[in-house]
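Now for the letters of each chain:
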Amino acid sequence: MDSFRRAQETRRDNERRRQTAFRSATSGDIAGVKASLGQGLTVNMSDKQRNTLLHAAVKNMDEKPDDNIPMMRWLIDQGIQVDKTNSERLSPLHLAMERRIDAKDYHQLDALAPDAPYKNEALHVLVDAARYLPNKPGRGGLTLLHVAALDYDALMVQKLLKRKHRTDAKDDRGRTAYDIARRKSEALAALFPEHAERAGEAGKAEVTRASECTDTSLVPAEQLPRYEALAKQGIL
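Residues numbered from 1 in each chain as written. Predicted model: local features only at pLDDT ≥ 70, side-chain atom pairs only at ≥ 80, totals over all residues. Heavy atoms only, no water.

**Topic: the packing of aromatic side chains**
Counted by the stated rule, this structure contains one aromatic pair. Ring geometry for Tyr178 against Phe192: centres 5.7 Å apart, planes inclined by 50°, an arrangement best described as tilted. One end of the pair, Tyr178, is in helix α10 (residues 177-184); the other, Phe192, is in the loop between α11 (186-189) and α12 (193-213), with 14 residues separating them in the sequence. Owing to a relative accessible area of 3%, Tyr178 belongs among the buried residues under this scheme. Taking the relative accessible area as the measure of exposure, Phe192 reaches 0% and is therefore buried. (Phe/Tyr/Trp six-rings, centres within 6.5 Å; stacked < 30°, edge-to-face > 60°. Helix = DSSP H or I, 4+ residues; strand = E, 2+ residues; numbered from the N terminus. Buried < 20%, exposed > 50% of the residue type's maximum accessible area, 1.4 Å probe, protein only.)

**Considerations on empty space enclosed by the protein**
All chains considered together, the criterion is met by one cavity of 30 Å³ or more. Of the volumes computed, that of the largest cavity is approximately 50 Å³. Elements represented by at least two residues in the lining of the largest cavity include exactly α7 (121-129) and α8 (144-150). Of all the elements, α8 adds the most residues to the lining of the largest cavity, at three residues. Its residues assigned to classes, the lining of the largest cavity comprises five nonpolar, two polar and two charged. (1 Å grid on protein atoms, 1.4 Å probe; cavity = no way out; pocket = protein on both sides within 12 Å on 5 of 7 lines; lining within 4 Å. Points joined across faces, edges and corners; volume = space filled by probe spheres on them. Nonpolar A, V, L, I, M, F, W, Y, C, P; charged D, E, K, R; others polar.)

**Quick word on α10**
Along α10, the residues that are buried comprise Ala177, Tyr178, Ile180, Ala181 and Lys184. Buried residues of α10, viewed axially, fall in a sector of 155°; they line one side. (Arc of directions from axis to C-beta.)

**Focus: α7**
Residues of α7 that are buried include every one of Ala122, Leu123, His124, Val125, Leu126 and Val127, and no others. Taking the backbone nitrogen of Ala122 as reference, a side-chain oxygen 3.2 Å away marks Asn120 as the first, capping residue of α7. (Polar contact = N/O pair within 3.5 Å; in protein donor to acceptor, adjacent residues only side chain to side chain.)

**A short note on the packing of α7 against helix α9 (residues 154-162)**
How two helices sit against one another is set out by the angle between their axes and by the gap between those axes. It is at 11 Å that the axes of α7 and α9 come closest, and there the two elements cross at 20°. Considering their axes alone, α7 and α9 lie roughly parallel with respect to each other. In terms of crossing hand, the pair formed by α7 and α9 is left-handed. The segment α7 lies against α9, with Leu123, His124, Val127 and Asp128 engaging Leu155, Met156, Lys159 and Leu160. Among the residues forming the contact of α7 with α9, the class breakdown is five nonpolar, one polar and two charged. (Axes fitted to C-alpha atoms, helices over the stretch in contact; angles between N-to-C directions. Parallel < 35°, antiparallel > 145°, perpendicular 65-115°, else oblique. Left-handed = near helix turned anticlockwise from the far one by under 90°. Contact = heavy atoms within 4.5 Å.)

**Overview of the environment of Thr52**
Take Thr52: it is sitting in the loop between α2 (30-36) and α3 (53-59). A residue is classified by how much of its surface remains accessible, and Thr52, at 0% relative accessible area, is buried. The residues contacting Thr52, other than those within four sequence positions of it, are Phe22, Met45, Ile80, Lys84 and Pro92. Side chain to side chain, Thr52 and His55 meet in a polar contact 3.0 Å long.

**Digging into the side chain of His124**
Locating His124 in the fold gives a position in helix α7. Its relative accessible area of 2% is what places His124 among the buried residues. Among the polar contacts made by the side chain of His124, one reaches the side chain of Lys159 at a distance of 2.9 Å. Aside from chain neighbours lying at most four places away, what touches His124 is Lys119, Asp153, Leu155, Met156 and Lys159.

**What about unusual backbone geometry?**
In this structure, Tyr152 takes a positive phi of about 60° despite not being glycine. Looking at where Tyr152 falls in the secondary structure, it is placed in the loop between α8 and α9. According to the relative accessible area criterion, Tyr152 is buried, its value standing at 2%. In this structure, Lys164 is a non-glycine residue whose phi angle is positive, near 65°. Inspection of the secondary structure assignment puts Lys164 in the loop between α9 and α10.

In structure tokens:
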């Protein structure tokens, strides 16, 4: 009987610590998560909906971005399974994409001015760590590449294209990410392979120049004027 009671107490204690860990992950409290680990609970614990601590950190990324980015980085450094999906088959990266879409009205996001690029740090952290990019589009039929184009985030566009993110997906308005990029600026559109196909050899040269210019460590002296022009537009 004593062993049965001890087992029950251990289960209750583990559940309390699990709940504390998830609350801490949501609020960006790394010390709180650390204190909850051990005695059978690891950084890869999950809740009843199969959410991981990384899912929990993503859920609050708009309210506490300064706290949650370090939390995400810490969890990733501890070896959390970045690509694990919850009961809704959403990975933390897919959830972060949905949060970005929800953060602004779809029409407001669409109207983001060309001179107002936005870098979603959480998406960058997760894209860099994830082995797989989500194939399932989010609300409005938006993919990660659509969101990057709408955000006027040239670096994210580059990352996704290097990882072979599909470019032919269309949102609910029938637009590809390239269609959106063309509305934002010619320089952003030049990062897409479709631009080279439309513009021929001149377009291919533009793709090369734009790709080189978005990495400051690779900018040759003769291409500095082009790099400075892109920087003034706020693309870099």
